[in-house]
Amino acid sequence: MVGCQRASDPSRSADAHASSQGTAPDTTSKATSSGDSDDPTTGTAPANLDIPDGMVYVPSGSTQIGIKTERWQQLRRSQPAGPRPLFGKDAHPPFWAEVDAFALDVHPVTVAQFREFVEETGHKTQAENFGNAGALKNGQWRLVKGATWHHPRGPNQPAAPDDHPVTQVSWNDAQAYCQWADKRLPTEVEWEHAAREGRNVRALCPWDGSCRDREARIEHANTWQGRYPARNTAADGYRYTAPAGAFGANALGLQGMSGNVWEWTATWKRPYEHRNTAFRPTKRSKRVLRGGSFICRECRGYYVFARSGATPRTSLFHVGIRCAKDISDVQEERMRGASRQR
């Protein structure tokens with residue numbers, strides 16, 4: 001199971017939609033590790049683009065992916081007591097990536113949106129096929145019989161509300177949903193570029209640098225409040241998932257980029273230094289998860305650089321979907337629409 005803990009079997013392929021370099025380009029205009037970007041502007045979609053409803057334009061740019069080793073060690077030394085190690089052991093050393101503009105869902109896919117997909121296609125999730133899925137029960141990870149996207153904690157527990165992020169969906173289910181929606185999963189690099197507002201903002205969390213402040217976190221993200229895993233006080237108002245968009249948005253307008261649910265990416269999970277080497281996945285290989293979830297506390301999975309992972313067939317009650325779309329596809333759709341109007 002993966003909760004908010006580090007994955008132990010990393011594997012990841014080179015990103016298909018973002019090129020990366022091992023050394024930084026001219027960093028004189030880049031942000032430092034302790035402050036925001038020198039360029040305060042945020043991306044605005046070109047006038048000739050009609051970004052689909054429910055999506056946000058993410059501008060192109062250079063972003064440093066990951067965290068400097070010295071900074072991560074500093075954070076680890078100041079980590080609060082708890083049963084899980086700090087996320088980020090496999091998020092350094094960092095590297096620079098040049099990212100093309102793309103569109104990203106405003107918030108994770110909701111239960112209602114996923115239901116529309118299921119009703120139209122007849123899709124049966126892998127959790128439904130297996131007959132069980134992963135959930136935290138009585139402080140322990142278990143395969144819960146009958147846990148599915150509509151009843152994430154089991155058939156005898158409350159159904160997932162329509163406006164909450166859908167969970168108990170595997171990577172394969174996420175891939176199928178995004179394809180149905182004429183979208184795709186974002187790469188890990190794209191996800192972090194968007195979380196850093198497309199301009200390499202170096203704050204630990206999508207809202208600002210107060211990520212480690214309990215009151216600020218309660219205001220801005222759905223995370224674990226209390227002593228994990230025995231007691232969640234739900235001080236932020238939610239013991240499990242929260243409605244999509246319940247905690248505001250970053251400067252680009254993206255909601256829920258920290259906490260609530262981990263989000264699948266298109267990327268295989270590997271150490272960063274191996275990202276450009278040949279890779280042949282096995283049954284144990286994992287896809288990268290980003291964003292943290294409602295069970296993250298001392299492990300700080302909600303940090304922008306934090307990485308988790310799970311095998312493509314894994315379904316968990318705190319993992320969901322956010323889709324992306326290439327700008328070339330957006331332009332093509334606009335041209336088709338204009339042609340139909342003529």
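Residues numbered from 1 in each chain as written. Predicted model: local features only at pLDDT ≥ 70, side-chain atom pairs only at ≥ 80, totals over all residues. Heavy atoms only, no water.

*Asks:* What is the right way to read the pattern of salt bridges from this model?
*Replies:* Close approach of charged atoms allows side chains with opposite charge to pair. Tallying each qualifying case throughout the model produces 16 salt bridges. Of the charged contacts, one joins Glu263 and Arg322 as a salt bridge, the two residues approaching to 2.9 Å between their closest N and O atoms. Here Arg322 lies in the loop between strand E11 (319-320) and strand E12 (324-326) and Glu263 lies in strand E8 (residues 262-268), a separation of 59 residues in the sequence. Taken individually, Glu263 and Arg322 each receive the classification buried, so the pair is uniform in this respect. (Salt bridge = Lys/Arg side-chain N within 4 Å of Asp/Glu carboxyl O. Helix = DSSP H or I, 4+ residues; strand = E, 2+ residues; numbered from the N terminus. Buried < 20%, exposed > 50% of the residue type's maximum accessible area, 1.4 Å probe, protein only.)

*Asks:* Where do I start with the side chain of Thr63 in this structure?
*Replies:* When you line up the elements, Thr63 lands in strand E3 (residues 61-65). Judged by its relative accessible area of 0%, Thr63 is buried. At 2.6 Å, the side chain of Thr63 and the side chain of His193 are in polar contact. Setting aside its immediate chain neighbours within four residues, Thr63 contacts Phe95, Trp96, Ala97, His193, Arg196 and Asn200. (Polar contact = N/O pair within 3.5 Å; in protein donor to acceptor, adjacent residues only side chain to side chain. Contact = heavy atoms within 4.5 Å.)

*Asks:* Please explain the state of the cysteines as it appears in this structure.
*Replies:* Two cysteines form a disulfide when their sulfur atoms are joined by a covalent bond. All chains considered together, the criterion is met by two disulfides. Through a disulfide, Cys178 is tied to Cys323; the S-S separation comes to 2.1 Å. Looking along the S-S bond of the Cys178-Cys323 disulfide, the torsion reads about -85 degrees, which is the left-handed sense. Of this pair, Cys178 sits in helix H4 (residues 171-180) while Cys323 sits in the loop between E11 and E12, and the two are 145 residues apart along the sequence. (Disulfide = S-S within 2.5 Å.)

*Asks:* Looking at this model, I keep getting lost on the packing of aromatic side chains. Mind explaining?
*Replies:* Geometrically, a pair of aromatic rings is defined through the distance of the ring centres and the angle of the planes. What the rule picks out here adds up to 17 aromatic pairs. Consider the rings of Tyr238 and Phe247, whose centres lie 6.0 Å apart with planes at 70 degrees: the pair is edge-to-face. Residue class for Tyr238 comes out partly exposed when judged on its relative accessible area of 27%. Its relative accessible area of 19% is what places Phe247 among the buried residues. With a centroid separation of 5.8 Å and an interplanar angle of 85 degrees, the aromatic rings of Tyr302 and Tyr303 are classed as edge-to-face. Exposure class is identical for Tyr302 and Tyr303. Each is buried. The ring of Trp171 has Arg287 lying over it, and the distance from NZ or CZ to the ring centre is 3.9 Å. Taking the ring centre of Trp268 as reference, the NZ or CZ of Arg287 above it sits at 3.7 Å. (Phe/Tyr/Trp six-rings, centres within 6.5 Å; stacked < 30°, edge-to-face > 60°. Lys NZ or Arg CZ within 6 Å of the ring centre and 35° of its normal.)

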